[in-house]
Each structure stands twice: as C-alpha cells, then as structure tokens.
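Given next are the chains, with one letter for each unit.
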Amino acid sequence: MFGIVRPCTHRLSEGLRTEWMAHLCGLCLALRADHGQFARIVTNYDGLIVSVLTEAQTGATPAGRRTAGPCPLRAMRTAPVAMGEGARLAAAVSLVLASAKVRDHVADRDGLLARRPVAAAARRVAAGWDRAGARTGAALGFDTALLVDAVDRQTGIETLAGPGTPLLTVTEPTETATAAAFAHTAVLAGKPQNAAPLAEAGRLFGRLAHLLDAVEDREADAASGAWNPLTVTGTPLTEARRLCDDALHGVRLALREVEFTDGRLVHVLLAHELRRSVDRAFGTSSCSHQGLEVPQGMLSPDASFGPPPGNPYGPTPGGPAAPPPPRPPRDRRGLIAGCLVWAGLACTCQMCCGSYEDPWSRERREAPCQDCGDCCEACDCCGQCGEGCCCCGDSCGCDC
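Residues take numbers from 1 onward in each chain, read along the sequence in its written order. Only residues with pLDDT of at least 70 are given local features in this predicted model, and only at 80 or more are side-chain atom pairs given and counted; all residues enter the totals for whole chains, interfaces and linings. The basis for the side-chain values is all heavy atoms of the structure; hydrogens and waters are excluded.

Right, let's talk about helix H3 (residues 85-108) for a bit. Working definition: helices are DSSP H or I runs of at least four residues, strands are E runs of at least two. Numbering for both runs from the N terminus. By this rule the span expected of a helix is its residue count minus one, scaled by 1.5 Å. Over its 24 residues, H3 runs 35 Å from end to end, which matches the ideal 34 Å to within 8%, given 1.5 Å per residue. Directly beyond the C-terminal end of H3, a positive phi value near 55 degrees is found at Arg-109.

Any two strands with at least two DSSP bridges between them are considered paired. Pairing of strand E1 (residues 65-71) with strand E2 (residues 77-82), which is carried by five bridges, proceeds in the antiparallel orientation. Residue pairing across strands places Cys-71 opposite Arg-77, the latter belonging to E2. Here E1 folds back onto E2 in antiparallel fashion, the turn holding five residues, of which Ala-75 has a positive phi close to 60 degrees.

Attention shifts here to the packing of H3 against helix H6 (residues 167-189). The geometry of H3 relative to H6 is characterised by a closest axis approach of 11 Å and an angle of 155 degrees between their N-to-C directions. Between H3 and H6, the angle is such that the two are roughly antiparallel. Crossing hand, H3 versus H6: right-handed. Across the interface between the two elements, Glu-85, Gly-86, Leu-89 and Val-93 of H3 pack against Ala-181, His-184, Thr-185 and Leu-188 of H6. Axes here mean lines fitted to C-alpha atoms, for a helix over just the part in contact, with angles spanning 0 to 180 degrees between N-to-C directions. Under this scheme an angle from 65 to 115 degrees is roughly perpendicular, one under 35 degrees roughly parallel, and one over 145 degrees roughly antiparallel; angles in between are oblique. Each crossing gets its handedness from the near helix: less than a right angle anticlockwise from the far helix is left-handed, clockwise is right-handed. For this analysis, residues touch if any pair of their heavy atoms sits within 4.5 Å.

A few words now on the packing of aromatic side chains. Under the pairing criterion, centres of Phe, Tyr and Trp rings, with the six-membered ring standing for Trp, must be within 6.5 Å; the plane angle then separates stacked pairs below 30 degrees from edge-to-face pairs above 60, leaving the rest tilted. Tallying each qualifying case throughout the model produces three aromatic pairs. Ring centres 5.6 Å apart and planes at 25 degrees place the aromatic pair Trp-20 and Tyr-45 in the stacked group. One end of the pair, Trp-20, is in helix H1 (residues 14-35); the other, Tyr-45, is in the loop between H1 and helix H2 (48-58), and 25 residues separate them in sequence. Accessibility expressed as a relative area gives 12% for Tyr-45, which makes it buried. In this scheme, a residue with accessible area under 20% of its type's maximum is buried, one over 50% is exposed, and one in between is partly exposed, where area comes from a 1.4 Å probe on protein chains only.

Next up on the list: the side chain of Glu-273. Here Glu-273 is to be found in helix H10 (residues 264-281). Residue classification places Glu-273 among the buried positions, given a relative accessible area of 2%. What qualifies as a polar contact is a pair of N or O atoms within 3.5 Å, subject to a donor-acceptor requirement within protein and to the restriction that residues adjacent in sequence count only when both atoms come from side chains. A polar contact is formed between the side chain of Glu-273 and the side chain of Arg-276, at a distance of 3.1 Å.

Let us now look at the pattern of salt bridges. Salt bridges are counted wherever a side-chain nitrogen of Lys or Arg sits within 4 Å of a carboxyl oxygen of Asp or Glu. Inspection of every chain in the model, using the stated rule, returns 17 salt bridges. One salt bridge connects Arg-65 with Glu-19, and the closest N-O pair in it is separated by 2.4 Å. Of this pair, Arg-65 sits in strand E1 while Glu-19 is found in helix H1, placing the two residues 46 residues apart along the sequence. Assessed through its relative accessible area of 17%, Arg-65 is described here as buried. Of the residues examined, Glu-19 reaches a relative accessible area of 26% and is grouped as partly exposed. In this structure, Glu-273 engages Arg-276 in a salt bridge whose closest nitrogen and oxygen atoms are separated by 3.1 Å. With Glu-273 and Arg-276 both in helix H10, this residue pair falls three residues apart, about one helical turn.

A word on the environment of Arg-74. As for its placement among the helices and strands, Arg-74 is situated in the loop between E1 and E2. Look at Arg-74 and you get buried, because its relative accessible area is 12%. For the pair formed by Arg-74 and Cys-25, sequence separation is 49 residues and the distance between their alpha carbons is 9.2 Å. When sequence neighbours within four positions are dropped, the list of residues in contact with Arg-74 reads Met-21, Cys-25, Ala-68, Gly-69, Ala-79 and Val-81.

On to the nonpolar core. We call a set of buried residues a nonpolar core when its members are Ala, Val, Leu, Ile, Met, Phe, Trp, Tyr or Cys and they connect through side-chain atoms within 4.5 Å of each other. Counting residues in each nonpolar core, the largest one holds 74 residues, and the members touching the most others are Leu-270 and Leu-274. Leu-270 has contacts with Ile-49, Leu-53, Phe-182, Phe-205, Val-251 and Leu-255, leaving out every residue within four places of it along the chain.

A cluster of nonpolar side chains, contributed by Phe-38, Ile-41 and Val-125, occupies part of the molecular surface with about 280 Å² of accessible area. Secondary-structure assignment places Ile-41 in the loop between H1 and H2. Like-charged residues are merged into a patch within 9 Å and nonpolar side chains (Val, Leu, Ile, Met, Phe, Trp, Tyr) within 5 Å, provided each residue has over 30% relative accessible area and no salt bridge. Only the protein chains shown count as covering a residue, and every accessible area follows the Shrake-Rupley method with a 1.4 Å probe.

Moving on, we come to the packing of H2 against H10. Axis separation between H2 and H10 bottoms out at 9 Å; the angle between their running directions is 145 degrees. The two elements H2 and H10 cross, and the hand of that crossing is left-handed. Touching Leu-48, Ile-49, Val-52, Leu-53 and Ala-56 of H2 are Leu-265, Val-266, Leu-269 and Leu-270, all from H10. The classification used treats Ala, Val, Leu, Ile, Met, Phe, Trp, Tyr, Cys and Pro as nonpolar, Asp, Glu, Lys and Arg as charged, and all other residues, Gly among them, as polar. Of the residues that constitute the contact of H2 with H10, the class distribution is nine nonpolar, no polar and no charged.

Assignment of secondary structure puts Pro-197 in helix H7 (residues 195-224). Spatially, the C-alpha atoms of Pro-197 and Glu-257 are 6.1 Å apart, while their sequence positions differ by 60 residues. What Pro-197 contacts, discounting residues up to four positions off in sequence, is Ala-254, Glu-257 and Val-258.

We now examine the confidence of the model for the protein chain. Taken as a whole, the protein chain shows an average pLDDT of 78; of its residues, 70% reach a score of 70 or greater. pLDDT is a residue-level measure of predictor confidence that goes from 0 to 100. Across residues 286-316, where pLDDT falls below 50, the model places 29 contacts with residues more than four positions away in sequence or in other chains. The low-confidence segment residues 368-400 (pLDDT under 50) makes 79 contacts with residues lying over four places distant or belonging to another chain.

Before going further, it helps to spend a moment on the side chain of His-35. Take His-35: it is sitting in helix H1. Side chain to side chain, His-35 and Thr-136 meet in a polar contact 2.9 Å long. Aside from chain neighbours lying at most four places away, what touches His-35 is Leu-95, Ala-132, Arg-135 and Thr-136.

Structure representation (structure tokens):
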C-alpha cells in the first residue's frame, strides 16, 4: 500500500479508526468486485480519500455499509466496509494513477523493468488498468481521460524540464488529475456548490503528493540516476518545503468552503495527517506518543479516564490482600490461522507502530517502533494560524 497520508491507528479515535478502515477495505473490495482479485494490488491510502470525501458530504447511512468477511489484513475479523459510488470512484482513480506509476517506472527503467520482457508485461498490465478505470469512471459519470491526459503530459514536461524550470510546472499534471477526482465527489454527493473548493483542495493535494514523493526519493534517485524534479530543476529543499507549507495552508482554506455533513475524518486526514506527512518527508517529525511530558494545565487522557495509578489488585493499606485478577479465557488461534494473521499484520505495518493483537494468543501488544507522533499533535496545527482550528474555526481535541 502506498500514499502520502498514512495515519497510525493509535492517533485516531476508535470511531474514526473504524471509519478509516471501512473506507480502506471498501476501496479494496470495490477493486475486487469490479476488476478482479489482481486489481486489489493498487489499493492505496490516498485513494480512499476520494471515498471519504464523498461520504463526508452525504453523511454515513446504513445503506453505505456492509459487513465484510474475515480478512488476514483485519486479523481475520469481520468489519463494516464502505460501499457505493464513493468507493467505486476511488477504485477507478486508483487504477488509472497506479497505471501511470507503472509506466513511469518503465520509462525510468527501474529494477527489473529495465528488461524488455518485464517492461512489456508491465505495459500490458498498465493498459488494462487504464481500460478498467475508464469503464468504472464512465458508469459514475467521470471521464478518466482527464487523468490519462494529465499523465501523458507529465512525460513531455519532464523531458523538457531543466535547471531553472519552475517546480510547479512539473507538478501541474498531477495537480490537474487530483483536482478532477476531488471535484467529482461533489457531483456524486449531489452538492455541486462544493465542486470548486474541492477542486482547489485536490489541486494542492496533488502538488503535495508530487513534491513529497520527490523529496522522499531524492537520495535514491541520485544514487540510481533516476529522474527527480528537485534535482533536474535545481530546486533546494528549503524552497520545496515552502511550497509544501503553502499547499497545506491552501488545503485548509479550501476545506473551509466545503459543506460537509460530517467532516471529522476529512479534517483529520487532510488537516492533521497531511501536515505530518510533510514533516515526515522533511525529517521534522515530532516526538513519539510514548513518554511525552504533559504540559501544565493539560490533563493526560489516562489521568482523566483511566484507573488510578498503581496496581489495582494490590493490598489495601491496613486491609487484607485483594484477590488476584481473573485469568482471561484462552481463545488462541491455530498455527495456520495465526500465520495468516501475522502475514497480514506485517504487510500493513501494524506490527511496526501502535498496538496490535497477537496473531496466535490474541493478547494486545505494543509495537517495537513508536516514533510516529503524538496522538495529541492534532491540536498543534490549530494554534499555528492564530484563529482557532485551521479548518473548522473551533478548538479541537485529540479526537477531532
């Protein structure tokens, strides 16, 4: 799974985490339903934002959910998943953009794609994804030719680019493609007044996606000799960071103009998590969510709602020892089922960040890597602009 908006689940409230997973699984299952099992390989974190935007404008309804069967990526549990036009549009966009990514790697002769037979096979797969995305898009009233045209123009722009070429000239095709996808969610939701601000948010999101990809790949591209917009245009990282910060601010301003029925998940993904993506790409991420010092006047969530400190089963001063806690019932998985769950957790990085359920014993465990940020960092961006929360104008907490 790829994408620039990759929230760690410990930073989302339980409700928002369930909603986020519903859209992620909904995108995956929409790809399978319309285009077959192999198409699920293009499931990505950014594509689900199209589904989230559609539902945020209409509101979640029982008809927009169904219960999916057990899946290794969900620790072999059933779960509610998003369905409907938003998920199908996300699938169409993901297919076309994944096709573009494959053709880009073929053009750069990356890895095995430098071999002609492999490159020819990759081109056939990409062409099939283009046709599949076009079919689904046409059924939804969305012309994916806009995306294909933008991708085709990208190659020509990169060929002509050189030192002194404005960086935004290189990012324009990506901006155009994402603007079209974001704007069409307003059409699906029946809210045409949202099309213009969503197009602006999508344009800036596309700019960020292109720039952050260039920043993250800069050293690897230099080592392999691959094309990189920062290197080719001679753009320093400081200028790239300035453009990213401007785009972040523009996304927040654009979202203010959108009429959402329930925009909480959109707010978290495109205001808070998008900022973290920029920090991560430029190596300015803040401290871990563990071991934080709580500022004076701010109560820790554990202090407000958790049990009192100490061992709740310890002896009471001056009284008899308390009985030991009851042993939880054993509900272990078998060897094969546990291995499948382990593979799913490993492939989705759930074993690397936050907490997860042990594949065999089902016990809650903490991941060894806890450097993905503080769950309360969501409050930080609200103080940067000096006018309350950057998107909604209100103060927001960790579950906003």
